[in-house]
Amino acid sequence: MALAVVLGGYWIQLDLSHAALVSQAENLTRLRALQTAHALALHTGALFRKLDYLSLHLGEHWLKEGSQGSRDALVRAHLALPNDALIGIDIADAEGRLLYSTVGEKLPLELERYGIADFEHFRVHLDGVRGLFIAQPYRGRMTGKWIVPFSRALVEEGRLKGVIVMSVSVAHLTKALQELYPGISDVAALILDDGRFLAHSSRMEEAMGRSVPADRPYLIDRERQQGSFDATAPIDGVERYYAWHRVPGFPVVAALGLSKDEALVPVRSTIRDSRIRSGLGSLVLLGAALLISQLWRRHARQEEELERAGERLEKLVGHFPGMAYQFLLRADGSTSMPYCSPGVREFYGVGPEGLQDSAMSIFERVHADDLERLCESIRTSAAQLAPWRCEFRVRGAGDRLRWLLGEANPERTPEGDTLWHGYVHDITDRQVAAQKLRESEARLRQAVDAVRDGLWSWDLARDRIALDERILDMLDRPELGSEMSYEEFRVLVHPADRQRQDKALRAAASTDPDLPVAGDFRLGTASGRWVWIHARGSVVEADAQGRPRRLVGTFSDVTARVAATQLRRALLDHSVAAIAMIDAKLKILEANSRAEEIFAPPSTSITGLKLTDLPLHKDQARFIPQHHATLRASGQLNIELPLRDNQGKMRWFDAHAVMLDPEDPGSDTVWTLVDISDKHRTRMALATERLRLKTVLERFPGGVLMEDQDGLITSVNRGLCELLDIPGAPDALIGLSHAALCERLGTERTAWLHRPDSDHATEKRATVEVEGVKGHTLEIDWLPIEHGGRRLGRVWLVRDVTERKERERRLAELAATDPLTGLPNRRSFLACLDAALDDTQRDPTRGSTLLMIDIDNFKHVNDTHGHPVGDEVLQHAARLIRGSLRQHDRAGRLGGEEFAVLLDDVTPDTALALAERLRHTVADTPAATTAGPVALTVSLGLSGVFGRDPARVLADADAALYRAKRSGRNRVCVAGSATE
């Protein structure tokens, strides 16, 4: 009865702990859902702000330039968004008639038949809405796809001139949500403030045109920005934990739901297992209690039952593949074994007789190298009353050396002695196997060290990847440790390679385990350099169903090989010659970009085609096989060919062909075709190669100097004389030695004509860039002239790249500057913010502050005075911002009327004082415009620069700016503070 009462209390406590565990799991799930909803809201807000900016920008272009002038802006708008995001852009007049549609440019549509006057996103602008409006999704009449219209009024001089509508694909929004939750149990959705669905991750077609139930918290309390609730979805009937967050600045709610069943599966499984174990334990305890009761009631037969039980135990233990025992360590240090099974004779070569008095004969059989360790483990277990476990060697019957594993639990006797109850079994086979495995791994490591590869392994059950020291040395990242999660490993992979790497490695977990794993990808080193890795591996362990559980393989550093391949590809694609590799059956195996450009039919490639499939020559049935046969007979071919290009135009080519393996008649061949059509037409009457070469040199856009194998000048053009400032005619230099030419050039210009082959080096080409005469920048190439392994001379090519260098400098300057205000543009400013975040990581004591600045009521300035005056106001504001800052502070224009300032080495109080001073300066200094003085004020939001996420810093400053706007404008608000 007492045991039943105790078990009842235990089960009550167990139920309470299970309920607490379920509650904790639910709270963690709700928190995870709320955090994910917040991130989804921020991501959606960024997309909607981009659409807001694009609609404003396109509307201004349309009002200024009309359809023809706005076409480039419309194209850029499409390119600014993902390929499948924007279905079309429509522009209608004030009566709702379509004036322009990007869909209409792709499909043969009559725009006058497709007005938008009856659509909600048009009518709201007739009622006075001027900003961006997000309407209910509908199925497009022209495209037949579900779209979400984002519309904005086109206003000129205060009057509605029309409406611009950007149609965003619901499928694109749904795809983004499906990447977050690809299954059907957990869902994500975007919902308008009135409850209508914008997108749904799993049931888009069912959700479109429907609304969420009216009792949702975000529909009842419009002031709340985020929250969570539990509900059953009306669409699919699944009970979920829901979390929601309003998209900042837009009437949209980002919501997601996590299935209760799936979220609680681990907890419920744990509870079920706990109940099973507790139930079994309770049954065992109850059974034991009943047994004890029976023993007490049958006290008269106790001795007989115990004796029989002892006999059965002896028989049973006698069949165990080991030894059960009791070991006693007395307070005086002596030892004995009150009980041991017959296995003691097999393990130690002694019988149980005599061990009840002393166990010393057992220790005499222990290997000398293991005896001290065994005794120390016994003393530690006795001192701490901790479970004892030890592996050791003994010499048993027949003097055979065995490995034994002993395990026992100690207890303290009333006399102060320590008594262990335990079991010993033979692990000799396991130790021998482990030793062989270690020897095998050592041999493998020697082999891997010889080829400089690193070893990796992937435990699929734990989703952990282990990298050896060789791989960490490749990456110069010893701090990573030997093991990491798979996601931590993916962070090391180059962003452009992650999808390919993930596909290559995970293929082993989803396809045939016998297939090897292989792939190339880049890993980042500690210095920021990328190392190309060739990964190889295979499945070495699988579960009972044959699914892979463990992969093992090697990483090889193939950076040099990849660099060589890329260099070869770059050289081929930048060659002015058309180069192609052709097999024995006249099939084109590979071709460079020049060959594709000349011979490929429109929108196709010549790779994989046969030469006879291309209309190259009027007699090609005889012409092509004849020249190919000549090439195979002689091993190489150098001729001039008339060939048609992909436009059907006849061109002349200087063709050079060689066999990759001259000893193999079936070898592939490489053809190099240089277009000499212009030279051929102008030099048909010339008989000598000398005159033809001279014509080419004179037409070369730069300088050319050619010497023979003896170092004598054979050809030189006027361009070289002009670029190197050599007086006289070019022909006067022919026949001079290289040394004589250097005497005319002087020491500085002589260094420009470097000869890498002068010291018998193997260099085949060299390029240098020098500052030439008259401030020009020259690019000088040195090339050897070889044939059949013999050096026949060398040539220098000199080009004036001054204009290119100046153009590169101007382009770099323009790419980082806002053209209207002269301030750094958004990309340049965000780079400064990233650098400031890095500085705070290195030196946390260095304080930096971000100011977000927005001109108050700037739209009113544009609507009242027009955009030219608005541009003057923006320029005026930029000048005031620059003039109010310290020398080392940095300002930038983020877009529209929004500016930002990065204050370095500043305390929060000083930053606030600088912001207030700037606010007063703007308020006290009207802008002098062509329309007269225009008074303006600004609102500012401040945020400290800390952490690693620039988006978080911008969001904090933007939230403070929004609070300044909402509090009445012309004020400064600090992120994380309610004061102004």
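Structural notes, computed from the coordinates.

Let us look at the overall build of the protein. Within the protein, the regular secondary structure consists of 29 helices and 39 strands. Taking all 980 residues of the protein together, the buried fraction comes to 42%. Restricting to contacts in the protein with at least 6 residues of sequence separation, those with at least 24 account for 50%. Carbon together with sulfur atoms contributes 54% to the accessible area of the protein, which is approximately 52,800 Å² in total.

Below, the discussion takes up the packing of helix H26 (residues 858-865) against helix H27 (residues 867-884). Axis separation between H26 and H27 bottoms out at 7 Å; the angle between their running directions is 140°. The orientation of H26 with respect to H27, classified from their angle, is oblique. Contacts between H26 and H27 pair Phe-858, Val-861, Asn-862 and His-865 from the former with His-867, Val-869, Gly-870, Val-873 and Leu-874 from the latter. Of the residues that constitute the contact of H26 with H27, the class distribution is 5 nonpolar, 4 polar and no charged.

Scanning the entire structure with this criterion turns up 16 aromatic pairs. Seen in terms of ring centroids, Trp-458 and Tyr-486 are 4.7 Å apart; in terms of plane orientation they differ by 15°. Their pairing is stacked. Here Trp-458 is found in strand E17 (residues 454-459), whereas its partner Tyr-486 is found in helix H15 (residues 486-492), with 28 residues between them in sequence. The burial state of Trp-458 is the same as that of Tyr-486; both residues are buried. Here the aromatic cluster, defined as three or more aromatic residues joined through ring pairs, consists of Tyr-218, Phe-229, Tyr-242 and Trp-244.

Below, the discussion takes up the sheet that holds strand E9 (residues 226-232). Here 5 strands make up an open sheet; going across it, the order is E8-E7-E11-E10-E9 and the pairing antiparallel. Bordering the open sheet on either side are strand E8 (197-200) and E9, each of which pairs with just one other strand. Taken over all neighbouring pairs, the strand axes of this sheet differ in orientation by 20° on average, direction set aside. Note: E9 against strand E10 (residues 239-246), 7 bridges, orientation antiparallel. Considered in E10, the bridge of Gly-227 is made with Trp-244.

Residues Ile-276, Leu-280, Leu-283 and Leu-286 make up a contiguous nonpolar surface patch of about 380 Å² in total accessible area. Relative to the helices and strands, Leu-280 is located in helix H8 (residues 265-297).

This structure, assessed with the given rule, holds 40 salt bridges. With its nearest N and O atoms 2.9 Å apart, the salt bridge here joins Arg-462 to Glu-483. Separated by 21 residues along the polypeptide, Arg-462 in the loop between E17 and strand E18 (464-467) and Glu-483 in strand E19 (residues 483-485) bring together distant segments of the chain. For the salt bridge of Lys-859 with Asp-863, the shortest nitrogen-to-oxygen distance reads 2.9 Å. With Lys-859 and Asp-863 both in helix H26 and 4 residues apart, the pair spans about one turn of that helix. By relative accessible area, Lys-859 is classed as partly exposed at 40%.

What follows deals with unusual backbone geometry. The phi torsion at Asp-463 lies on the positive side, around 55°, for a residue other than glycine. Turning to its location among the elements, Asp-463 is positioned in the loop between E17 and E18. Owing to a relative accessible area of 29%, Asp-463 belongs among the partly exposed residues under this scheme. Backbone geometry places Asp-905, a non-glycine residue, at a positive phi of 50°. In this structure, Asp-905 sits in the loop between strand E35 (898-904) and helix H28 (908-924). For Asp-905, a relative accessible area of 47% corresponds to the partly exposed category.

Glancing now at the environment of Pro-495. Looking at where Pro-495 falls in the secondary structure, it is placed in the loop between H15 and helix H16 (498-510). Its relative accessible area of 52% is what places Pro-495 among the exposed residues. For the pair formed by Pro-495 and Phe-521, sequence separation is 26 residues and the distance between their alpha carbons is 9.9 Å.

Take the nonpolar core next. For soluble globular proteins, nonpolar side chains are generally found buried alongside one another. Of all hydrophobic cores here, the largest spans 59 residues; its most connected members are Phe-48, Leu-51, Ile-134, Phe-150, Phe-197, Tyr-218 and Val-252. In terms of residue count, helix H1 (residues 2-80) provides more of this core than any other element does, 11 residues in total. Sequence-distant contacts of Val-252, defined by excluding residues within four places in its chain, comprise Phe-48, Ile-134, Leu-190, Ile-191, Leu-192, Asp-193, Leu-198, His-245, Arg-246 and Val-247. Counting 31 residues, the second-largest nonpolar core is a separate cluster that includes Leu-823, Ile-855, Leu-874 and Ala-927.

Let us look at the sheet that holds strand E13 (residues 335-340). Whenever strands of a sheet pair, they do so through backbone hydrogen bonds, lying parallel or antiparallel. Pairing within the open sheet is antiparallel, and its 5 strands lie in the order E13-E12-E16-E15-E14. Edge positions in the sheet fall to E13 and strand E14 (388-395), since each has one partner strand and no second. Neighbour-to-neighbour, the strand axes of the sheet open up by a mean angle of 30°, direction not taken into account. Packed on one face of the sheet, helix H12 (residues 368-384) meets strand E12 (322-329), E14, strand E15 (401-412) and strand E16 (418-426) and runs near 155° to E14.

Among all positions in helix H4 (residues 170-180), only Val-170, His-172, Leu-173, Thr-174 and Leu-177 are buried. For H4, the capping residue at the N-terminal end is Ser-169, with a side-chain oxygen 3.1 Å from the backbone nitrogen of Ala-171.

So, about the pairing of strand E34 (residues 890-895). In this structure, E34 lies alongside E35, joined through 5 bridges in antiparallel fashion. Looking at the pairing, Arg-890 lines up with Leu-902 of E35.

On to helix H23 (residues 738-752). Compared with the 21 Å implied by 1.5 Å per residue over 15 residues, the 13 Å span of H23 between its first and last C-alpha is markedly short. Maximal helix bending in H23 amounts to about 125°, located at Gly-746.

Attention now goes to a negative patch on the surface. Taken together, the side chains of Glu-469, Asp-473, Asp-476 and Glu-479 present a region of like negative charge at the surface. Within the element layout of this structure, Asp-473 appears in helix H14 (residues 469-475). The exposure class assigned to Asp-473 is exposed, which follows from its relative accessible area of 56%.

Before going further, it helps to spend a moment on the state of the cysteines. On inspection of all chains with the given rule, the structure shows 0 disulfides. For the unlinked cysteine Cys-390, the closest cysteine sulfur is that of Cys-375, found at 9.4 Å.

Take Thr-428: it is sitting in helix H13 (residues 428-451). Here the side chain of Thr-428 touches Asp-426 through a polar contact of 2.5 Å, side chain to side chain. Leaving out residues up to four positions away in the same chain, Thr-428 has contacts with Arg-402 and Trp-403.

Basis of the calculations
Residues numbered from 1 in each chain as written. Predicted model: local features only at pLDDT ≥ 70, side-chain atom pairs only at ≥ 80, totals over all residues. Heavy atoms only, no water. Helix = DSSP H or I, 4+ residues; strand = E, 2+ residues; numbered from the N terminus. Buried < 20%, exposed > 50% of the residue type's maximum accessible area, 1.4 Å probe, protein only. Contact = heavy atoms within 4.5 Å. Areas by Shrake-Rupley, 256 points an atom, 1.4 Å probe, with all protein chains shown as cover. Axes fitted to C-alpha atoms, helices over the stretch in contact; angles between N-to-C directions. Parallel < 35°, antiparallel > 145°, perpendicular 65-115°, else oblique. Nonpolar A, V, L, I, M, F, W, Y, C, P; charged D, E, K, R; others polar. Phe/Tyr/Trp six-rings, centres within 6.5 Å; stacked < 30°, edge-to-face > 60°. Pairing = 2+ DSSP bridges. Patch = residues over 30% accessible without salt bridge, like charges linked within 9 Å, V, L, I, M, F, W, Y side chains within 5 Å. Salt bridge = Lys/Arg side-chain N within 4 Å of Asp/Glu carboxyl O. Core = buried A, V, L, I, M, F, W, Y, C linked by side-chain atoms within 4.5 Å. Polar contact = N/O pair within 3.5 Å; in protein donor to acceptor, adjacent residues only side chain to side chain. Expected span 1.5 Å × (residues − 1). Bend = angle between axes of the 7 residues up to and from the residue. Lys, Arg positive; Asp, Glu negative; His and termini not counted. Charge placed at Lys NZ, Arg CZ, Asp CG, Glu CD. Disulfide = S-S within 2.5 Å.

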